[in-house]
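Here's the letter readout for the chains.
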Amino acid sequence: MEKQKLTKLNEAAAFFRGEVKLMEENPVAGGEIQALTFNALAEFLEDTLRAAEERDKTIGWYMLGLTPELLLAMDIFPFNTEMLVLLLPTIQPDGLKEFIDIGERAGIPPEVCMIDKSMLGLMTRDELPRPDFVLGTSLPCDSIVVAYQIYKKL
């Protein structure tokens, strides 16, 4: 299996790691919680990049509405697919536009959830760690059920 670039995951990890460094260099009153949160995000993204490269664990995607505890208990690396969709606009306000456009060009109607369209775009650009399986749910919306079928084909 060829190595993935995972450019957007790398950018997100670097962004949050950089923010932690800035917070350490310029501490502000009450900023400890934000620094801890950003550090946890950076560590998780770095762990994800390592897991995708080394493939030493099964990678299981799980969706909104689920929690990773079941996967962790089975020594499976959990990756919440929507997380990158939610983080990219933090790094760059129009960071999802390209991926939404890809989803719409692939045939997802404009009125369908931007998360589904973004996910499709990220998948077709090989920006998400390749899963060994996807754990789905009908939460929080009905359109995600159709999206799972598309993800399975891809």
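All figures in this text were calculated on a predicted structure; none of them were measured in a lab.

The rules we used
Along every chain, residues carry numbers that run from 1 in the direction the sequence is written. For this predicted model, a pLDDT threshold of at least 70 governs which residues receive local features, and a threshold of 80 or more governs which side-chain atom pairs are given and counted, while totals over whole chains, interfaces and linings are taken from all residues. Each side-chain value is worked out from all heavy atoms of the structure, with water and hydrogens disregarded. The method works on a 1 Å grid over the protein atoms by themselves. A cavity is a set of points holding a 1.4 Å probe that cannot get out, a pocket is an open set with protein on both sides within 12 Å along at least five of seven lines, and residues with an atom within 4 Å of a point line them. Grid points are joined across faces, edges and corners, and a volume is the space filled by probe spheres set on the points. Counting from the N terminus, the helices are DSSP H or I runs at least four residues long and the strands are E runs at least two residues long. The term salt bridge refers to a side-chain nitrogen of Lys or Arg lying within 4 Å of a carboxyl oxygen of Asp or Glu. Burial status follows relative accessibility: with a 1.4 Å probe on protein chains alone, a residue under 20% of its type maximum counts as buried, one over 50% as exposed, and anything between as partly exposed.

Peer 1: Just checking my understanding: could you explain the layout of surface pockets for this structure?
Peer 2: The gaps left among the atoms become clear once a water-sized probe is rolled over them. Approximately 230 Å³ is the volume found for the largest pocket. Lining the largest pocket are 14 residues, with Trp61, Met123, Arg130, Pro131 and Leu154 sitting closest to its centre. Mapped by element, the contributors of at least two residues to the lining of the largest pocket are helix H6 (114-124), strand E3 (133-135) and helix H7 (143-153).

Peer 1: Where do I start with the pattern of salt bridges in this structure?
Peer 2: Proximity of charged atoms lets side chains of opposite charge pair with each other. Within the structure shown, the criterion is met by 12 salt bridges. We note a salt bridge from Lys21 to Glu25, for which the minimum N-O separation is 4.0 Å. Here Glu25 and Lys21 lie together in helix H1 (residues 7-25), a separation of 4 residues that amounts to about one turn. The shortest N-O distance in the salt bridge between Glu104 and Lys117 comes to 2.8 Å. Taken together, the residues span a long stretch of sequence, with Glu104 in helix H5 (residues 97-105) and Lys117 in helix H6 at a distance of 13 residues. Since its relative accessible area comes to 31%, Glu104 is described here as partly exposed. It is possible to trace a salt-bridge network through shared partners that takes in Arg50, Glu54 and Asp56.

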